[in-house]
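The primary structure of each chain is shown beneath.
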Amino acid sequence: MKSCENLKMLCGAKIKDVKRTCDLIMLTIVKDEQEIFFHATCFLRIYNSKKLLLCSNDLYKRGNKAEEDFEWDIPGSSLFDDCVDVNGEYFLDIAISDVKISYDKFIIKLVNEVVIEAIPDTVAYDDYTEAYRLFTLTEDLIIFPNIDR
């Protein structure tokens, strides 16, 4: 697994896609035609200096496209999904200017000053759970927590 210093390789990359499956949030990042994936099961938010653009807690709130019988785990049905559609222009296809891990919080800054934060929300991690993972199809780059995997 690569060290945090190698996170700088993401500078200049762009976020191509933000989606989710149940409560797993997935960012697809592209640099030099290589896809890098960021998966988070912890609290995640995307914001700029003016407003909160996207928040993982909104996965559990009814969106505009939800059926009458709201089921949060169906992609496209939650407020989270609506926020990706409405606010995607602020974070999709925008270059990354900085990436760091600070007190276990994974932080991505974009050139337009939008910030993406994945914040671990429990101390009870074990061999079967993780807050976030950064990886390619062939290599894990960062896993938090890294419990002798």
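**Some thoughts on a negative patch on the surface**
So, point 1. Taken together, the side chains of Glu68, Asp69, Glu71 and Asp73 define an acidic patch exposed on the protein surface.
So, point 2. Within the secondary structure, Glu71 sits in the loop between β5 (52-55) and α1 (79-87).

**Quick notes on the pattern of salt bridges**
So, point 1. Scanning all chains against the criterion turns up 9 salt bridges.
So, point 2. Ionic pairing is found between Glu117 and Arg45, a salt bridge with its closest N-O pair at 2.6 Å. Within this pair, whereas Glu117 is found in strand β8 (residues 115-119), its partner Arg45 is found in strand β4 (residues 43-47), the two being separated by 72 residues in sequence.
So, point 3. Its relative accessible area of 28% is what places Arg45 among the partly exposed residues.

**Details of the pairing of strand β3 (residues 34-40)**
Successive side chains on a regular strand alternate, one facing one side of the sheet and the next facing the other.
So, point 1. As defined by bridge partners, strand β2 (residues 24-31) adjoins β3 across 7 bridges and the pair is classed as antiparallel. Across the sheet, the residue bridging to Ile29 is Ile36, located in β3.
So, point 2. Counting the residues between successive antiparallel strands, the hairpin from β2 to β3 contains 2 residues, one of them, Asp32, with a positive phi of roughly 50°.
So, point 3. One ladder, built from 4 bridges, connects β3 with strand β9 (residues 132-135); its direction is antiparallel. Counterpart to Phe38 in the pairing with β9 is Leu134.

**Some thoughts on the sheet that holds β9**
Pairing between sheet strands relies on hydrogen bonds along the backbone, with the strands arranged either parallel or antiparallel.
So, point 1. Spatially, β1-β2-β3-β9-β10 is the arrangement adopted by the 5 strands of the open sheet, whose pairing is antiparallel. Each end of this open sheet is capped by a strand with a single partner; those strands are β1 (14-21) and β10 (140-144). Going across the sheet, the axis of each strand differs from the next one's by a mean of 15°, ignoring polarity.
So, point 2. Pairing geometry for β9 and β10, over 4 bridges, is antiparallel. Bridge pairing links Phe135 to Asp140 in β10.

What counts, and at which threshold
- Residues numbered from 1 in each chain as written.
- Predicted model: local features only at pLDDT ≥ 70, side-chain atom pairs only at ≥ 80, totals over all residues.
- Heavy atoms only, no water.
- Patch = residues over 30% accessible without salt bridge, like charges linked within 9 Å, V, L, I, M, F, W, Y side chains within 5 Å.
- Areas by Shrake-Rupley, 256 points an atom, 1.4 Å probe, with all protein chains shown as cover.
- Salt bridge = Lys/Arg side-chain N within 4 Å of Asp/Glu carboxyl O.
- Lys, Arg positive; Asp, Glu negative; His and termini not counted.
- Charge placed at Lys NZ, Arg CZ, Asp CG, Glu CD.
- Helix = DSSP H or I, 4+ residues; strand = E, 2+ residues; numbered from the N terminus.
- Buried < 20%, exposed > 50% of the residue type's maximum accessible area, 1.4 Å probe, protein only.
- Pairing = 2+ DSSP bridges.
- Axes fitted to C-alpha atoms, helices over the stretch in contact; angles between N-to-C directions.

Shape descriptors only; they carry no functional weight alone.
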